[in-house]
Every structure is written in structure tokens, then in C-alpha cells.
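Geometric and topological summary
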Amino acid sequence: MVMAVNSVIEVEHLRKTYKSAVAVDDVSFQVNNGEIFGLLGPNGAGKTTTVECLQGLRHPDSGKISVLGLDPIKDASNLKKQIGSQLQESALPDRIKVWEALDLFAATTNAINWATLIEQWGLKEKRNAAFGTLSGGQRQRLLIALALVNNPKVVFLDEMTTGLDPAARRVTWELIRAIRDRGTTVILVTHFMDEAEILCDRLAIMNQGKIAAMGTSQSLITTYAGLIKVMFSSEQTDLDWLKAVSHVHNYSRQGHKIEVQGDGPVLALVASELVKRGIVPVDLRKEQPTLEDVFLKITGLSGVE
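Residues numbered from 1 in each chain as written. Predicted model: local features only at pLDDT ≥ 70, side-chain atom pairs only at ≥ 80, totals over all residues. Heavy atoms only, no water.

**Considerations on the sheet that holds strand S8 (residues 202–207)**
Our working rule: By this definition, two strands are paired if DSSP reports at least two bridges between them. Helix and strand assignments follow DSSP, with helices taken as H or I runs no shorter than four residues and strands as E runs no shorter than two, numbered in order from the N terminus. Throughout, an axis means a line fitted to C-alpha atoms (over the contacting stretch in the case of helices), and angles, computed between N-to-C directions, take values from 0 to 180 degrees.
The 6 strands are arranged S5-S6-S7-S3-S8-S9 in an open sheet whose pairing can be described as mixed. The open sheet has two edge strands, strand S5 (83–85) and strand S9 (210–215), and neither has a second partner. Between one strand axis and the next, the sheet turns through 15° on average, direction left out of account. Here S5 runs beside strand S6 (residues 154–158); their pairing, made up of 3 bridges, is parallel. Counterpart to Gly 84 in the pairing with S6 is Val 155.

Have a look at this one:
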């Protein structure tokens, strides 16, 4: 397999079954260097099995995989030195201290100075704290630090925010962005729509073992979701000129309430035309379809579980 110039992961026609159950069915995609690439979908969609195959943790039944130019099965030893993987919380005993966990992981790999990671990920004050005493956000900081202890080129994060409260989720999102900003490619597995839409440079929506759609959040919304709605109030009776504004599909009104349906930059174009005509509504606003709408249209399933 010849990898594209900017790609770090190439997957072609990946298939994995468990007895009669098909977990991953003819999946193909590539991940570019330095991006957050999301695998989005409900539980059982095939996300985790896919990333386990990428890390060499499972043997695919068929297909080709290249990660950093290496075969995850044939070149497992070499690949493991260059990738990082977030643990599930249950993998760490409650009594292990933060520094002990980092020291243990550093001893098994060509690690960078783990003391630096404690500083970088805001764990200095918790250096001697037991894992079981950490808050949800602090645990995620430690799990990410452990995934980065070997200074990986690619890191795999699987359902990092499941079970976290809203504040801890936000903290974790900032940590994930920080990983990308330091030059590491991130493979993010999630079933949360807001998380994927906010964090991912590109994403693949998986359902029943297949990739149902792939692209940036905005491109998927543009392709699969409904029209953008622009709402405002006006006492003007003649608004038929709205139909001639670029990217406007139609408009309707109920009393003073106006709703314009369109696509692309319709909000900016409608706002500009309103100002030109001396109409400056204080309640001008936009309702844009979300990734949740895309997911519902493609799969008929809710992304929130």
C-alpha cells in the first residue's frame, strides 16, 4: 500500500467478524497528519473494533492497514513505540499514585521525561495523590499523560468523556485540542455528537459496521441536513425581494415573524440586504442544522446514549 503524502493512516476494505457477527464491514478511510479524526457512532457501530485493528490489538479478517507506514500486525513492536493509547479507568488500581503510574509506564517504553508531563497536564499538585482520589477531570489528565508518555506520533482516545460531568467534559476537550496542537495526530472515538462537531477536523460516521458518511462536520451538515433558518421580526409588508437574495430558497411569515430558509452564507446575505433597505431587526438570528440532524437522517438513531 502506498500512503498519500500527508496521511499517517490508510485503511482499505477492512473487515472483522466475531463468529457470525460482522463488527466491521468493508471500511476504508485515511487520516491526515496532525488532525483530530473522529469515529462517530452508537455503541456497537464498529468504532472500537476498528481502532483496535489499527493498533494491532485485533487481527482483521481481510483488508489492508498502514499506520505510520507500518503494518499493525507484522510491525507491531515498532509501531507500539510510535503510538499512544488511552486506558480505560478500570486499568489503573485506585491506590496507585500519579507519579507511580507515570514512572511505571515510562519504564516500559522509550519515554520522555514524565515529570514534564505532570507539569504540562496540570497534575503537579496531585503528584502524590492516589488514582482513586482524583476527580473525573484529573483522571482524564492522567490517562492522557500516560498515553503520551512515549511521545507518540499518533494517539488513540476511545470514549474519553463517557460518564464525565459537563465541566470535566469541557476540560477533557481542551486536553484533546492540546494534544493536536503539539503535533500529535488524534484518533477520537465517540458517540457524542457535540463532541465530534466541536473537536474533529474530519470524522467518519459509522453504523452497523460500515462508514455511512465521512468529511468535515460542516460538509456533512451541508450535504445531509436540512436548510438553514434565518429568523427576524419586521412590520414591513412587502418582503418578496427576499426570494431574489442569493442562497435563499424560500421564506414565510406569521404576523411580524419572518422565517427565511436557505443554505451556505444565507445569514450574512440576508442581513446585508436588510441593512441596505433600512431594516435592522434586533432579533435577527440563525438556526443551523447540527451533526445530530445528520446522524438522525443517515441512521435513524439518536446520537445520545
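There's more to say after this.
**Structural notes on the environment of Thr 237**
Along the polypeptide, Thr 237 turns up in the loop between strand S10 (228–233) and strand S11 (248–254). Distance in space between the C-alpha atoms of Thr 237 and Ala 115 is 68 Å, their sequence separation being 122 residues.

**So, the packing of aromatic side chains**
The line we're drawing: Between rings of Phe, Tyr and Trp, where Trp is taken as its six-membered ring, a pair exists when centres lie within 6.5 Å; planes separated by under 30 degrees are stacked, by over 60 edge-to-face, and by other angles tilted. When accessible area is computed with a 1.4 Å probe and restricted to protein chains, residues below 20% of their type maximum are described as buried, those above 50% as exposed, and intermediate ones as partly exposed. The rule is short: NZ of Lys or CZ of Arg within 6 Å of the ring centre and within 35 degrees of the ring normal puts a charge over the ring.
Inspection of every chain in the model, using the stated rule, returns 2 aromatic pairs. Between Phe 29 and Phe 37, the ring centres sit 5.3 Å apart and the planes meet at 10°, which makes this aromatic pair stacked. Each member of the pair, Phe 29 together with Phe 37, is buried. Between Trp 99 and Trp 114, the aromatic rings sit 6.4 Å apart at their centres with planes inclined by 25°, giving stacked as the arrangement. Residue Trp 99 is found in helix H3 (residues 98–107), and its partner Trp 114 is found in helix H4 (residues 114–120); the two are separated by 15 residues along the sequence. By relative accessible area, which is 26% here, Trp 99 ends up partly exposed. The exposure class assigned to Trp 114 is buried, which follows from its relative accessible area of 15%. Across from the ring centre of Phe 131, 4.7 Å away, lies the NZ or CZ of Arg 139, which sits over that ring.

**Notes on the pattern of salt bridges**
Put simply, the rule is: Criterion for a salt bridge: a side-chain nitrogen of Lys or Arg within 4 Å of a carboxyl oxygen of Asp or Glu.
Considering all chains together, one arrives at 12 salt bridges under this definition. The residue Glu 159 makes a salt bridge to Lys 47 at a minimum N-O spacing of 3.8 Å. Here Lys 47 lies in helix H1 (residues 47–54) and Glu 159 lies in the loop between S6 and helix H6 (166–181), a separation of 112 residues in the sequence. Accessibility assignment for this pair places Glu 159 and Lys 47 in one class, buried. The salt bridge involving Asp 181 is made with Arg 180; its shortest N-O contact spans 3.1 Å. When its relative accessible area of 59% is taken as the criterion, Asp 181 is described as exposed. In the salt-bridge network here, residues are joined through shared partners; they are Arg 15, Asp 25 and Lys 210.

**Section: H6**
Convention followed: How far a helix is expected to stretch is found by multiplying one less than its residue total by 1.5 Å. As used here, the arc is the angular range of directions from the helix axis to the C-beta atoms.
Its 16 residues place the ends of H6 23 Å apart at the C-alpha level, agreeing with the 22 Å of an ideal helix rising 1.5 Å per residue. Of the residues making up H6, those classed as buried are Ala 168, Arg 169, Thr 172, Trp 173, Leu 175, Ile 176, Ile 179 and Arg 180. Projected onto a plane normal to the axis of H6, the buried residues spread over an arc of 165° and lie on a single side. Exposed and oriented more than 90 degrees from the buried face of H6 are Ala 167, Arg 170 and Asp 181.

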